[in-house]
Amino acid sequence: MASTFKNFAASDVATTRTLLHEAIPVTGTIVSGTYKDENIKYFSSGLFTSVFDYPFLSSSANHIFDITAGYASDSVAPDESPLAGASSVQNQKKINIYNQFAQVLVGSDVNGNIQKFDQDGNITAGGTKMNSAFFISFGRLLSKDEIKKGSFTLSLFTSNSLGGGYYTDPGKRSGLQVIGDYGAATSYFVNSPTGEYALLYTGSADAGDTSKSVGHLYYQAGVAVITSSIFPDNTPTITTASLFSSIPTGSVEDVFVSGTIDECANIIRYVFNDLNFNNTTELNSTIYFCRANTSEYNYSSNPTYLNSSKIVVKGENAFAEPVSYITTVGLYSADNELLAVAKLSEPLKKTPSNEVTLRVRLDY
């Protein structure tokens, strides 16, 4: 316990913010077949599909992301046929999924109505809406505090022949396209309740042309929203007979009507080729400059510092300078309660002829 305390001046305390980034690669083989779907977890609710990096029953498995799909209650396919309707499989669940993500990521208007995902991000101006979409929610293990802007790329095939998963016949896939948040490092939106997001494009050449946007990437929420119209109308349905008793046929929009949410998720899984992004960990620090001036901390309250009223470290030389060795820094509250302790790697000599400044950093 210290016997003397020194208060910090305003110039003795500083704060800093550091962003740490980690590269996250996810190969398509993990998502679409390496473990023959043993790393894919389905739930009785049928609301989403979870992807793990290893068979999910293993204690070493890590959750990567969830995939789900939904549409607005008044959504229509490109051919103007309605997606929502009493005859659509899991109709209300798909509407609820869309509304849940829209309410969290887009928010409500002044009348309390849930707003739709806007293709160009300019919600108040109207414009084209993404009425049906896939939602990929990344685990915090991957995205950490947020996804780094301008680092996201997701490559998908636009076609995969019916009944052929990746591990069954990779040759059945074609039409590779790379989706990314191109240009987002300097151009992104802040009108989402969850923070910042950017538009996704199918190539860097399209960046800035909002009419060619195919989705949104929400950085702090760790969610990618991809419009279902990214796939051509003639894209075959992608499911496996071993998992489902009936296999919808036709385009992706047909699956949104006649398929389950899990079957919609399989569309993304079986055309998944590669995913890369950098996550971000925000490290906030408070730095304390602990200053020992010439006349300070030259003595010690340690009982062994004195022997017969003589300073031990001075030896027999009565005219030598008093000396002490700093080994520990303690940070105290206003009422002198010890809050934190910092240890030096080796004792630091302190005499009236020198000054010492110790830099103590607290990260949180």
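Residues numbered from 1 in each chain as written. Predicted model: local features only at pLDDT ≥ 70, side-chain atom pairs only at ≥ 80, totals over all residues. Heavy atoms only, no water.

### With respect to the overall build of the protein chain
- Counting its secondary structure elements, the protein chain contains five helices and 20 strands.
- In the protein chain, which comprises 364 residues, the proportion classed as buried is 42%.
- Put simply, of all contacts in the protein chain between residues at least 6 apart along the chain, 63% involve residues at least 24 apart.
- Working note: accessible area of the protein chain is about 18,100 Å², and carbon and sulfur atoms make up 51% of it. (Helix = DSSP H or I, 4+ residues; strand = E, 2+ residues; numbered from the N terminus. Buried < 20%, exposed > 50% of the residue type's maximum accessible area, 1.4 Å probe, protein only. Contact = heavy atoms within 4.5 Å. Areas by Shrake-Rupley, 256 points an atom, 1.4 Å probe, with all protein chains shown as cover.)

### Regarding unusual backbone geometry
- The phi dihedral of Lys 144 is positive, around 55 degrees, even though this residue is not glycine.
- With a phi angle near 65 degrees, Asn 336 is a residue other than glycine that sits in the positive phi range.
- Relative to the helices and strands, Asn 336 is located in the loop between β18 (324–332) and β19 (338–350).
- On the basis of relative accessibility, which here comes to 35%, the residue Asn 336 falls in the partly exposed class.

### Comments concerning helix α2 (residues 91–105)
- Taking 1.5 Å of rise per residue, 15 residues should cover 21 Å, and α2 covers 21 Å from first to last C-alpha, within 8% of that figure.
- Downstream of α2 by one or two residues, Gly 107 has phi in the positive range, about 95 degrees. (Expected span 1.5 Å × (residues − 1).)

### Regarding the pattern of salt bridges
- Within this structure, the stated rule accounts for 13 salt bridges.
- Among the salt bridges present, the one from Asp 206 reaches Lys 212, with a minimum N-O distance of 3.6 Å.
- Judged by relative accessible area, which is 41%, Lys 212 ranks as partly exposed.
- One salt-bridge network, in which partners are shared between bridges, spans Glu 146, Lys 149 and Glu 196. (Salt bridge = Lys/Arg side-chain N within 4 Å of Asp/Glu carboxyl O.)

### Remarks on the environment of Val 178
- By secondary structure assignment, the location of Val 178 is in strand β10 (residues 173–180).
- Taking the relative accessible area as the measure of exposure, Val 178 reaches 31% and is therefore partly exposed.
- Residues Val 178 and Ser 204, spaced 26 residues apart in sequence, show a C-alpha to C-alpha distance of 9.2 Å.
- Non-local contacts of Val 178, meaning those with residues more than four positions away in its chain, are made with Thr 153, Leu 154, Ser 155, Tyr 201, Thr 202 and Gly 203.

### Observations regarding the pairing of strand β13 (residues 215–218)
- Burial along β13 is two-sided: Gly 215 and Leu 217 facing one way and His 216 and Tyr 218 facing the other are all buried.
- With four bridges connecting them, strand β12 (residues 195–200) and β13 associate as antiparallel partners. Bridge assignment links Leu 200 to a residue of β13, and that residue is Gly 215.
- Across four bridges, the pairing between β13 and strand β14 (residues 223–227) is antiparallel. Within β14, the position partnered with Tyr 218 by the bridge is Val 223.
- Between the end of β13 and the start of β14, which pair antiparallel, lie four residues, with Gly 222 showing a positive phi angle near 70 degrees. (Pairing = 2+ DSSP bridges.)

### Notes on the sheet that holds strand β2 (residues 40–42)
- The antiparallel open sheet is built from eight strands, whose spatial order is β2-β3-β4-β7-β14-β13-β12-β11. Edge positions in the sheet fall to β2 and β11 (189–192), since each has one partner strand and no second. Going across the sheet, the axis of each strand differs from the next one's by a mean of 25 degrees, ignoring polarity.
- With respect to the sheet, α2 is in contact with β4 (63–71), β7 (132–138), β11, β13 and β14, its orientation differing from that of β4 by roughly 110 degrees. (Axes fitted to C-alpha atoms, helices over the stretch in contact; angles between N-to-C directions.)

### A word on helix α5 (residues 261–270)
- Within α5, ten of the ten residues are buried, which leaves the element mostly enclosed by the surrounding structure.
- Within α5, the full set of buried residues consists of Ile 261, Asp 262, Glu 263, Cys 264, Ala 265, Asn 266, Ile 267, Ile 268, Arg 269 and Tyr 270.

### Concerning the packing of aromatic side chains
- Under the defined criterion, the tally for this structure stands at 18 aromatic pairs.
- For the ring pair Tyr 98 and Phe 135, a centre distance of 6.4 Å and an interplane angle of 70 degrees mean the geometry is edge-to-face. Of the two residues, Tyr 98 sits in helix α2 while Phe 135 sits in strand β7, which places them 37 residues apart along the sequence.
- According to the relative accessible area criterion, Tyr 98 is buried, its value standing at 1%.
- Pairwise contacts between aromatic rings join Tyr 98, Phe 101, Phe 117, Phe 135, Phe 189, Tyr 197 and Tyr 218 into one cluster.
- Cation over ring: Arg 269 sits above Tyr 270, and NZ or CZ is 4.8 Å from the ring centre. (Phe/Tyr/Trp six-rings, centres within 6.5 Å; stacked < 30°, edge-to-face > 60°. Lys NZ or Arg CZ within 6 Å of the ring centre and 35° of its normal.)

### Remarks on the nonpolar core
- By size, the foremost hydrophobic cluster in this structure holds 44 residues, and its most contacted members are Val 26, Phe 65, Phe 134, Phe 138, Phe 152, Phe 231 and Leu 275.
- When residues of this core are assigned to their parent elements, the largest contribution, five residues, is made by β4.
- Here Phe 65 is in contact with Val 26, Val 31, Thr 49, Ser 50, Val 51, Ile 136, Ser 137, Phe 138, Gly 139, Phe 272 and Leu 275, once residues within four sequence places are set aside.
- Core analysis: the next-biggest nonpolar cluster, separate from the first, contains 17 residues, Ile 97, Val 106, Ala 133 and Val 225 among them. (Core = buried A, V, L, I, M, F, W, Y, C linked by side-chain atoms within 4.5 Å.)

### So, the confidence of the model for the protein chain
- The pLDDT averaged across the protein chain works out to 85; a share of 86% of its residues lies at or above 70.
- Low pLDDT, under 50, characterises residues 162–167; the stretch is placed with 16 contacts to residues that sit more than four places away or in other chains. (pLDDT = per-residue confidence, 0-100.)

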